[in-house]
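Commentary on secondary and tertiary structure
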Amino acid sequence: MQRTDLRTGWNVRAIGGDRSGLAPGRYPAEVPGCVHTDLMAAGVIPDPYLDGNETALRWMYDIDWGYATRLDADALDLRPPGP
């Protein structure tokens, strides 16, 4: 059995609904994790639990978010198992 570590190398980006351009880039992400903590770590948003920030961050719920990472197919043994 081959194992591949999928915990590192992730990023998150808005894939739809960010009409105002509030999160225009790709940002490093932790998986498992959430968009709020990833954007906060990247300095894009303030702490949503501080003061009235949660209300100011409602725009985040109107956006579809996508997480992505890359796998090195050359490093994987993709041959079917033997008989």
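So, here is what we can say about the structure in this document. (Residues numbered from 1 in each chain as written. Predicted model: local features only at pLDDT ≥ 70, side-chain atom pairs only at ≥ 80, totals over all residues. Heavy atoms only, no water.)

**Concerning the nonpolar core**
Inclusion rule: Residues enter a nonpolar core if they are buried and are Ala, Val, Leu, Ile, Met, Phe, Trp, Tyr or Cys, with the set joined through side-chain atoms within 4.5 Å. Using a 1.4 Å probe on the protein chains alone, a residue whose accessible area is under 20% of its type maximum counts as buried, one over 50% counts as exposed, and one in between counts as partly exposed. Numbered from the N terminus, helices here are DSSP runs of H or I no shorter than four residues, and strands are runs of E no shorter than two.
In this structure, Val-12, Val-35, Leu-39, Ile-45, Trp-59, Met-60 and Trp-65 are the most contacted members of the largest nonpolar core, which totals 14 residues. Top element by residues in this core is strand E1 (residues 10–16). It accounts for three residues.

**Some details on the sheet that holds strand E3 (residues 64–68)**
Let me state the cut-off plainly: Paired strands, as defined in this entry, are two strands with at least two bridges between them according to DSSP. Axis angles are defined between N-to-C directions and span 0 to 180 degrees, where every axis is a line fitted to C-alpha atoms and, for a helix, only to the segment in contact.
Taking strand neighbours across the sheet as the criterion, the three strands line up as E2-E1-E3 in an open arrangement whose pairing is antiparallel. Looking at strand neighbours, the two that pair on one side only are strand E2 (26–29) and E3, the edges of this open sheet. Neighbour-to-neighbour, the strand axes of this sheet turn through a mean angle of 35°, independent of strand direction. Relative to E2, E1 is paired through four bridges, and the arrangement is antiparallel.

**Focus on the side chain of Asn-11**
What counts here: The contact criterion used throughout is that any non-hydrogen atoms of two residues lie within 4.5 Å.
Within the element layout of this structure, Asn-11 appears in strand E1. The contacts of Asn-11, once residues within four sequence positions are left out, are Arg-26, Tyr-27, Pro-28, Ala-29, Gly-66, Tyr-67 and Ala-68.

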